[in-house]
Amino acid sequence: MLLAMVVVPTGTWAQARSMEDARFTGPLLTSSANAQAPGAFFMQPYLIHTRTSGSYDGKGDRHRLEERGRDTKLSVLMGYGISKRLTGELSVNGGRSSSGRQHGDGLRFGDSSVRLKYVLRPGDALTSRMTVSAMLNQSLATGSHDRLGDNVLNGRGNGSYRTGLSLLGQQVLWMPNGRPLRWRWQANWSPSPGDVRVRGSSVYGTGAGFDGHASPGVNSSALLAMEYSINRNWVVAMDLRGSHKGRTTLEGNDMNRDGYSQWTQRVGRSSRSFSIAPAVEYIINDNVGVLAGVQASLPGGRNSASFVSPQVSMTLSF
C-alpha cells in the first residue's frame, strides 16, 4: 500500500510536467552539462566590462587601489554537436584594458580554449534525473604575455598551454507552483602547465631586461548555479564561484641598475577568490535569448582583486 501511494502520484506529476513553457539561456559562469544535438550549432557572445577597485593581501584584508583598473572584453563561445553525447566548443576573446590614465593600444586578442564535453549519464527534466558530464579543456596561448615594451596593458594572455578537467552536473527540480528550477554544479582542476618562456616586460611583472621563464601552479575551482523560470520568457539566475590559483615561480636573468645581468627568482603566493553573479534572462524565441547580469568579488579572497563586472550575453542556436 505504501509503495502504491509513492509510485502512482509520481507518474501523475510526470505527465503533468512540461518544458514547453520553460526556456533557459544558461547562467553567466557555470557551463551546461547537456550535449548539443548532433549537427546543431550555438554561439554565445559575451560583452564584459570589469572595474577593479581593490585587492586583498595575504591576511585577507582589503586595500583600495590608487588607480582603478578597467577592462572591456568581448568573449565568444561556439559549440557544435558532434554526436548524441559529444559536443565540441571553441572560446575566443579580445579586449582592451586601462589603469588610471594609461590604457592598452587598441583591441588585443586574448587566450583561447578548445573543449570536448561528453555526457556520462543523460538526464531527464520531467523526472528530475540529473545529467552528469565530463569535459576536457585545452587553453591556447593566442594572447600576448611578454615583450610588451612600454605598455604592459597590451598583455592579455599568460603564455601557457594549460589542460584542464571538469565534472559537470545539471538537474531540473519542480517547484510546488509547477515551475522548473534548473541548477548546475561544476568542479574544475588543472595541473601546472609547465614552464612559460618570458622575455622583456610581461604580465608577470618583469622588466625590459628579463629573460627566463614562469612556472604557473595548479588551479582549481567550484561553481554552483540556479535558474528559476518565471514564465516562458523570463528567468532569474544566480552563480556562485570559488577558485584557488597555485603560486607562480619566476626565474631568469634580469638586468640590475648597473646594467649587469644577474640571476633572479621570485616565488609568488597562491590566491583564492570568491564571486557571486546574479542575472536576468529574457528568451526571445527558441533560438535567441539575452542574458544581463553582474559578477562581483566577495570579501575574504586572499591575494586577489576586488571587482565589479557587468555582463551582457546573447545565445544564438542554429
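The rules we used
Residues numbered from 1 in each chain as written. Predicted model: local features only at pLDDT ≥ 70, side-chain atom pairs only at ≥ 80, totals over all residues. Heavy atoms only, no water. Helix = DSSP H or I, 4+ residues; strand = E, 2+ residues; numbered from the N terminus. Buried < 20%, exposed > 50% of the residue type's maximum accessible area, 1.4 Å probe, protein only. Contact = heavy atoms within 4.5 Å. Areas by Shrake-Rupley, 256 points an atom, 1.4 Å probe, with all protein chains shown as cover. Pairing = 2+ DSSP bridges. Axes fitted to C-alpha atoms, helices over the stretch in contact; angles between N-to-C directions. Salt bridge = Lys/Arg side-chain N within 4 Å of Asp/Glu carboxyl O. Polar contact = N/O pair within 3.5 Å; in protein donor to acceptor, adjacent residues only side chain to side chain. Core = buried A, V, L, I, M, F, W, Y, C linked by side-chain atoms within 4.5 Å. pLDDT = per-residue confidence, 0-100.

**Q** Is there a simple way to think about the overall build of the protein in this case?
**A** Looking only at helices and strands, the protein features 1 helix and 18 strands. The buried share of the protein, reckoned over its 318 residues, is 41%. Within the protein, residue pairs in contact and separated by at least 24 positions form 64% of the contacts whose partners lie at least 6 positions apart. Surface accessibility of the protein: about 17000 Å² in total, with carbon and sulfur atoms responsible for 58%.

**Q** For this particular structure, what's the right way to read the pairing of strand β10 (residues 196-199)?
**A** Within a regular beta strand, the side chains point alternately toward one face of the sheet and then the other, so they alternate between its two faces. The side-chain alternation of β10 yields one buried face, formed by V196 and V198, and one unburied face, formed by R197 and R199. In this structure, β10 lies alongside strand β11 (residues 211-215), joined through 4 bridges in antiparallel fashion. For R197, the partnering residue across the bridge sits in β11 and is H213.

**Q** Teacher, can you tell me more about the pairing of strand β13 (residues 234-245) here?
**A** Two strands pair when backbone bridges link them, and strand β12 (residues 219-229) and β13 are joined in this way by 11 bridges, in the antiparallel orientation. If you follow N219 over to β13, its bridge partner there is K245. Remark: 4 residues form the turn of the hairpin made by β12 and β13, two consecutive strands paired antiparallel.

**Q** Any chance you could explain the sheet that holds strand β14 (residues 249-255) here in plain terms?
**A** Through backbone hydrogen bonds, the strands of a sheet pair up, either in parallel or in antiparallel fashion. Read from one edge of the open sheet, 4 strands run β10-β11-β14-β15, paired in antiparallel fashion. In the strand order of this sheet, the two ends are held by β10 and β15 (261-267), each with one partner. Between one strand axis and the next, the sheet turns by 25 degrees as a mean value, whatever way the strands run.

**Q** Is there a simple way to think about the pattern of salt bridges in this case?
**A** Any two side chains of opposite charge can pair, given that their charged atoms come close. In the structure shown here, the tally under the stated rule is 10 salt bridges. Between R156 and D71 there is a salt bridge whose closest N-O contact spans 2.8 Å. Here D71 lies in strand β2 (residues 62-81) and R156 lies in the loop between β7 (131-140) and β8 (163-174), a separation of 85 residues in the sequence. Grouping residues by exposure puts R156 and D71 together as buried.

**Q** Just checking my understanding: could you explain the side chain of D111 for this structure?
**A** For D111, the position within the fold is in the loop between β5 (108-109) and β6 (112-121). At 3.4 Å, the side chain of D111 forms a polar contact with the backbone nitrogen of T142. Engagement of the side chain of D111 in a polar contact is seen with the backbone nitrogen of G143, the distance being 2.9 Å. The residues contacting D111, other than those within four sequence positions of it, are N93, L140, A141, T142, G143, R156, G157, N158 and G159.

**Q** Explain the environment of Q170 to me, please; I cannot follow it from the model alone.
**A** With respect to the helices and strands, Q170 occurs in strand β8. With 13 residues separating them along the chain, Q170 and W183 place their C-alpha atoms 5.8 Å apart. Ignoring anything within four residues of it in the chain, the contact list for Q170 reads S32, A33, N34, R129, M130, T131, R182, W183 and R184.

**Q** Help me out: how do you make sense of unusual backbone geometry in this one?
**A** Leaving glycine out, the prevailing phi sign among residues is negative, and the prevailing peptide bond configuration is trans. One non-glycine residue, S128, adopts positive backbone phi at about 60 degrees. Structurally, the position occupied by S128 is in the loop between β6 and β7. With a phi angle near 50 degrees, R147 is a residue other than glycine that sits in the positive phi range. Positionally, R147 belongs in the loop between β7 and β8. R147 gets classed as exposed once you look at its relative accessible area, which sits at 59%.

**Q** Help me out: how do you make sense of the nonpolar core in this one?
**A** One recurring pattern in soluble globular proteins: nonpolar side chains tend to sit buried together. In this structure, L28, L29, L223, A237, A277, A279 and L291 together form the largest nonpolar core, which totals 7 residues. Not counting residues within four places of it along the chain, the set of residues in contact with L29 comprises Q186, L223, D239, R241, S275, A277 and Q295.

**Q** Whenever I open this one, the confidence of the model for the protein confuses me. Can you help?
**A** In this model, the protein carries an average pLDDT of 88, and 88% of its residues clear a pLDDT of 70 or more. Per-residue pLDDT stays below 50 along residues 1-15; that stretch engages in 2 contacts with residues further than four places along the chain or on separate chains.

**Q** Please clarify how the side chain of T25 should be interpreted in this entry.
**A** Within the secondary structure, T25 sits in the loop between α1 (2-16) and β1 (41-56). Look past the residues within four positions of T25 in its chain and what remains in contact with it is Q44, E227, E281, I283, G289, V290, L291 and T315.

**Q** In this structure, what is going on with the environment of V290? I would like to understand it.
**A** On the secondary structure map, V290 appears in strand β17 (residues 288-297). The class for V290 is partly exposed, based on a relative accessible area of 25%. The spacing of V290 and F24 is 266 residues in sequence and 9.7 Å in space, taken between C-alpha atoms. Other than its neighbours up to four places away in sequence, V290 contacts T25, V280, E281, Y282, I284, S313 and M314.

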